Amino acid sequence: MSPQPVLEAQDISKHFVLKGSGDLPGRNRPVLHAVDDVSLSIARGEAVGLVGESGCGKSTLARIISRLVDPTAGTLSMSGRSITDISSARFVRSDLRRKIQMVFQDPSDSVNPRFSVFDIIADPLRQLCRPATKAELVARVREAARAVNLAPELLDRFPHQLSGGQKARVGIARAMIVDPELLVLDEPTSALDVSVQATVLKLLARLTREANVALLFVSHDLNVVRLLCSRIFVMYLGRIVESGPTEEIFNRPRHPYTKALLSAVPTLRSGRTGERVKLEGEPRSPIDPDPFACRLVGRCPWQQQRCTTAEPALEACGPAHAVRCHFPLD
């Protein structure tokens, strides 16, 4: 891996000011904290997983990193060059746009149904690279299709004529055709059958290895992330609550939320190591969260008085392993 991260995010936050009773004179509007002070880095040739339950902010963070949305605070750097000062509106026309590509959750909703597969894959190339000749365009599209094991005869078809796995490969080919340095994938396998998921994951692992691209894989499925990623960031209510090497996270989770997530993963083994951890109650509201309390308060089986009066910081608990908890699990 390169010592210089392809992407580095420092203290990224995204807040949304809401309409409501705060519109009254003398009162502040409520603020939804979708992402709060998140820092992470991804090296070339590395696959990093971002996991958490629905509504935790992982898709918002993925869109910020992809420069589709501007952060409220924090900085983003691409190969050491700051890109935060380029707004998402201007980033579309920047020469850096091709270096960050995204594969969306639903390949059907993210493509033009009037485009053929050929035009879907070729569109980013036309917009961002502008090949000199039609022959070059055709050659690049065919090469991108071949790289994702997409049969040449499918290039003349339309999205409604493809299977789910074929659509997923079209989405990956469309992102990879411009030779990105960072590929962001937002739940790309969630709508696929298990057998198709395995095929897509093998494809992503091969592309990461052969193209030496950095990969951020967003998912709620821990088993999928374990197959592909070497590091994992666990997110809860806008915060990173634990990060570390994948096997370390799976074998020795230090945060109660991570342990609860892992204990809920289905298994075919007759006996499960460790006791099932259940988080009772509902998650706290992300709107104007209490700055003096852990965000897992009210659901954590191990919470103590300190958890209600001081929010923990993300601190190292081992080599390359960090946890946001006053009382990390052993």
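Everything that follows concerns the structure shown earlier in this document.
Right, let's walk through the structure included here. (Residues numbered from 1 in each chain as written. Predicted model: local features only at pLDDT ≥ 70, side-chain atom pairs only at ≥ 80, totals over all residues. Heavy atoms only, no water.)

### Re empty space enclosed by the protein
Inspection of the entire model under this criterion finds four cavities of 30 Å³ or more. Computed from the structure, the largest cavity encloses a volume of approximately 100 Å³. In terms of lining, the largest cavity is formed by 13 residues, of which the most central are Pro256, Cys294, Cys300, Cys307 and Cys325. Class assignment of the residues belonging to the lining of the largest cavity gives a composition of ten nonpolar, three polar and no charged. (1 Å grid on protein atoms, 1.4 Å probe; cavity = no way out; pocket = protein on both sides within 12 Å on 5 of 7 lines; lining within 4 Å. Points joined across faces, edges and corners; volume = space filled by probe spheres on them. Nonpolar A, V, L, I, M, F, W, Y, C, P; charged D, E, K, R; others polar.)

### Digging into the sheet that holds strand 8 (residues 214-219)
The eight strands lie next to each other as 6-7-8-3-9-10-12-11, forming an open sheet whose pairing is mixed. Unpaired on one side and paired on the other, strand 6 (100-103) and strand 11 (315-318) mark the two borders of the sheet. Within the sheet, the average angular offset between the axes of one strand and its neighbour, ignoring direction, is 25°. Judged from the five bridges that link them, strand 3 (residues 47-51) and strand 8 form a sheet pairing that is parallel. Paired with valine 51 across the two strands is serine 219, which belongs to strand 8. (Pairing = 2+ DSSP bridges. Helix = DSSP H or I, 4+ residues; strand = E, 2+ residues; numbered from the N terminus. Axes fitted to C-alpha atoms, helices over the stretch in contact; angles between N-to-C directions.)

### Notes on the packing of aromatic side chains
In total, this model carries one aromatic pair according to the counting rule given. Both rings, one in tyrosine 236 and one in tyrosine 257, keep their centres 4.6 Å apart while their planes meet at 50°; by these two values the pair is tilted. Residue tyrosine 236 is found in strand 9 (residues 231-236), and its partner tyrosine 257 is found in helix 9 (residues 256-263); the two are separated by 21 residues along the sequence. For the residue pair tyrosine 236 and tyrosine 257, the accessibility class agrees, reading buried in each case. Over the ring of phenylalanine 91 we find arginine 67, and its NZ or CZ is 5.6 Å from the ring centre. (Phe/Tyr/Trp six-rings, centres within 6.5 Å; stacked < 30°, edge-to-face > 60°. Buried < 20%, exposed > 50% of the residue type's maximum accessible area, 1.4 Å probe, protein only. Lys NZ or Arg CZ within 6 Å of the ring centre and 35° of its normal.)

### Thoughts on helix 4 (residues 134-147)
Over its 14 residues, helix 4 extends 20 Å from the first C-alpha to the last, a length consistent with the 20 Å expected when each residue adds 1.5 Å. All of the buried residues along helix 4 are Leu137, Val141, Ala144, Ala145 and Ala147. Summarising the axial view, the buried residues of helix 4 lie within an arc of 160°, below the 170-degree limit, and thus occupy one face. Turned more than 90 degrees off the buried face of helix 4, the exposed positions are Ala135 and Arg146. Contacts made by the buried residues of helix 4 are with helix 3 (117-128), helix 5 (164-176) and helix 6 (194-211). (Expected span 1.5 Å × (residues − 1). Arc of directions from axis to C-beta. Contact = heavy atoms within 4.5 Å.)

Keep in mind these numbers describe shape, not what the thing actually does.
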